[in-house]
Structure formats: structure tokens, C-alpha cells
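# Survey of secondary and tertiary structure
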Amino acid sequence: MKIYKSIDEYNESKSSVVTIGTFDGVHIGHQKVFNKVINASKQSNLSSVVLTFFPHPRIILNKYNDIKMIDTLDEKIVHLEKIGIDHLVIHPFDKKFSLLSADQYIKDYLVEKLKLKHIIIGYNHRFGKGREASITDLKKYSSEFNFVVDEIDAQEIEKIAISSTKIRNSINIGDLETTRVYLGRFFSLTGKVVKGDGLGKQIDYPTANIKIEENYKIIPKDGVYYIKTTIDNKLYNGMMNIGHRPTIGSKEKSIEVNLFKFNRDIYDKIIKVDVIEKIRDEKKFSSIEALKAQLAKDEGHCLKLINK
């Protein structure tokens with residue numbers, strides 16, 4: 001899959017089948033759309049193109065800065081690569097772009113730049129300055145510029161919207177099984193391993209402290225989770241604590257991963273953690289010894305899940 005950081009970078013000579021959206025989570029509903037794009041591109045010998053925007057348009061247009069996304073941009077790229085799309089165009093969304101007229105957007109960007117011949121898009125898609133144009137207008141443009149509009153019906157779009165909402169809600173409450181069903185994979189966190197205070201090592205449960213740079217990434221509810229991660233092509237099971245570590249009175253929220261049968265130095269490595277199942281809520285213990293005893297129980301719980 002070729003990746004372009006703006007529509008202006010796209011320079012393919014072949015005409016394309018395009019779909020457009022934010023596609024947060026690249027969940028099973030989105031995957032059906034992408035498969036339609038791929039099948040249409042193969043049938044007509046066209047390139048398959050996904051056009052998405054970053055940052056999220058709502059952040060720019062509504063100043064809705066607390067929006068939380070299922071995937072970071074890098075995570076979205078990884079998921080799309082696995083699906084088999086030919087080209088991913090990530091166009092910067094800013095005020096200037098939002099002020100483009102529908103005419104400019106269709107003619108200068110989709111037709112001239114992306115060489116659009118077939119678009120697969122939701123019935124409720126709107127575009128142009130002030131979201132002035134609708135799917136009806138898009139169909140009018142299709143006659144003028146000779147491209148096909150394949151409209152995704154209301155029922156399918158509703159399913160996609162419901163899936164996204166259910167995924168966010170399930171992540172927020174720690175229901176990782178529902179999350180997995182709708183994503184078609186485990187929810188994951190990706191971040192850099194940074195130095196912590198070393199308490200985990202002192203109590204025989206050394207942890208990798210994960211720093212997630214993207215503040216728009218959704219984080220599961222505070223608690224302890226069974227997790228898996230792959231480091232240098234080897235799979236490790238473990239457990240993760242998300243929260244403020246009330247037993248030691250920490251003020252900052254942290255994400256700490258304890259990997260079983262693992263004793264390597266992985267500081268500064270970027271790792272992806274698959275979040276499998278919530279074990280318990282975070283709570284305050286009467287002493288460090290009581291915390292250590294609970295961690296032993298948590299590990300035992302995880303080992304049972306592994307063996308099962």
C-alpha cells in the first residue's frame with residue numbers, strides 16, 4: 001500500500017475507485033466498504049484508493065478537542081495495509097481545506113488529482129464549504145465528469161455508526177469482548193516504553209511504562225487487564241494496570257505492563273499491546289505487601305485465561 005500525506009502528493013496515472021471517510025477503528029463495517037472498493041477496482045482494472053483526513057474534521061470545525069479515537073493514525077495505517085488497499089491518501093484537514101467549494105473539491109481534487117472513475121460512499125455524505133453538497137449533488141457531478149457513484153445505503157451506514165459507538169462504549173467500560181467482536185480483532189495500545197519509578201521491580205513485578213503520545217487515543221477504564229504483546233517477533237503474555245496507582249498515592253495516570261517470563265531491557269522501544277480481558281478495577285490497598293499479594297492473584301487469573 002502506498003501512503004500519501006496529501007492529495008497533492010498523489011501522482012498515479014491509473015484511474016481509481018475511491019472511498020472517503022475517517023474510518024476510525026477500521027472495524028468490520030468499514031472492512032465491508034473496503035472490500036467493495038477492492039472488488040470494484042479489480043473488476044474494472046482501477047486503483048483502490050482510501051481518502052481520509054487528519055486531524056479529525058470535527059476537531060477543526062467544532063473545536064471539539066476532547067474527541068477520542070479508537071485508533072491512532074499509525075494504527076489505522078497498519079490495519080489498512082492488512083486489508084489490501086492500493087493507496088491511502090491522508091489529507092491534512094484545516095480551515096483552508098474546509099472552505100473549498102463543492103466544485104473545487106470534486107474537480108480539482110477527486111477528478112484531477114485522484115483520477116476518480118468510481119466512488120463508493122455513504123448516502124449521507126456531505127462535502128464542500130459548510131457541507132453544502134449532498135449525495136444528490138455528487139450524482140450530478142458524476143454525469144459531468146464521467147464517474148460512477150455507488151451509494152452505500154442507510155441500513156449499512158447505520159450499522160457502521162452503531163458499531164463505532166458500541167466499540168467506544170465497550171472500551172470505556174472495559175468490555176473487551178464486545179470490542180473484539182465489532183473490531184474483528186483485539187483492541188490495542190501502541191506506545192513507547194519509558195522509565196518509571198522502579199516500584200514494580202522492587203516488589204518482583206517489573207513493569208514497562210507505556211507512554212502514548214497521541215492524546216486523542218481512547219484509553220480503557222482504569223483497572224487491571226490481561227494482555228499480549230509481540231516483541232522482536234516473539235509473543236509474550238502479561239497483565240497491565242491503567243490508572244493512578246492509589247496505593248502509593250500517584251497523581252499522574254499511567255499505563256504499566258508486566259510481561260510474564262520476560263527480563264529484557266526494552267526502554268525506548270515502541271510496542272503494541274493487545275488488550276484481551278479486564279481482570280478487575282483498580283483499587284487502593286492497605287500496604288505494598290497487600291498490593292503484591294493481589295498482583296500474584298492477578299497473575300494467576302491471567303495464567304488461567306492463557307491455559308483456557
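Scroll up to find the structure this text is about.
Residues numbered from 1 in each chain as written. Predicted model: local features only at pLDDT ≥ 70, side-chain atom pairs only at ≥ 80, totals over all residues. Heavy atoms only, no water.

### A word on the overall build of the chain
Applicable threshold: Only DSSP runs of H or I covering at least 4 residues are called helices, and only runs of E covering at least 2 are called strands; the numbering of each starts at the N terminus. The rule is simple: take the accessible area with a 1.4 Å probe, protein chains only, and divide by the maximum for that residue type; under 20% is buried, over 50% is exposed, in between is partly exposed. Contacts: residue pairs with any heavy atoms within 4.5 Å of one another. Each accessible area value is a Shrake-Rupley result obtained with a 1.4 Å probe; residue values ignore everything except the protein chains displayed when judging cover. Note that His is not counted, nor are the chain ends; the positive residues are Lys and Arg, and the negative ones are Asp and Glu. Working definition for charges: the position is that of NZ of Lys, CZ of Arg, CG of Asp or CD of Glu.
Check the secondary structure of the chain and you find 10 helices and 12 strands. Dimensions of the chain along its principal axes, counting C-alpha atoms only, are 75 × 40 × 35 Å. A total of 308 residues make up the chain; the buried ones form 49% of that total. A fraction of 73% describes how many contacts in the chain between residues 6 or more apart in sequence connect residues 24 or more apart. Accessible area of the chain: about 16000 Å², with a carbon and sulfur share of 48%. Taking the average location of the 50 positive side-chain charges in the chain and that of its 41 negative ones, the two points are 2 Å from each other.

### Let's talk about the packing of helix 1 (residues 28–44) against helix 7 (residues 154–173)
Each pair of packed helices can be summarised by the angle the axes make with each other and by the distance between the axes. Rules: All axes are obtained by fitting lines to C-alpha atoms, using only the stretch in contact for helices, and the reported angles, taken between N-to-C directions, cover 0 to 180 degrees. Angular relationships are summarised with four words: roughly parallel below 35 degrees, roughly antiparallel beyond 145, roughly perpendicular across 65 to 115, and oblique for the angles in between. Following the grouping adopted for this structure description, the nonpolar residues are Ala, Val, Leu, Ile, Met, Phe, Trp, Tyr, Cys and Pro, the charged ones are Asp, Glu, Lys and Arg, and the polar ones are all others, Gly among them.
Running from N to C, helix 1 and helix 7 point in directions that differ by 135 degrees, and their axes come no closer than 8 Å. Accordingly, the angle class assigned to the pair helix 1 and helix 7 is oblique. Residues Gly 29, His 30, Lys 32, Val 33 and Lys 36 of helix 1 lie in contact with helix 7, whose contacting residues are Glu 156, Ile 160 and Ser 164. Here the residues of the contact of helix 1 with helix 7 sort into two nonpolar, three polar and three charged.

### Topic: the sheet that holds strand 4 (residues 87–92)
Definition in use: Paired strands, in this sense, are two strands between which DSSP finds at least two bridges.
Read across the sheet, six strands follow the order 1-4-3-2-5-6 without closing on themselves; strand pairing throughout is parallel. For this open sheet the edge positions go to strand 1 (2–4) and strand 6 (148–152), each flanked by a neighbour on one side alone. Taken over all neighbouring pairs, the strand axes of this sheet differ in orientation by 20 degrees on average, direction set aside. Bridge count for strand 2 (residues 16–20) against strand 5 (residues 116–122) is three bridges, and the pairing is parallel. The residue bridging Val 18 from the neighbouring strand is Ile 119, located in strand 5. The strands that helix 3 (residues 73–83) touches are strand 1, strand 3 (47–54) and strand 4; relative to strand 4, the one it contacts most, it runs at about 160 degrees.

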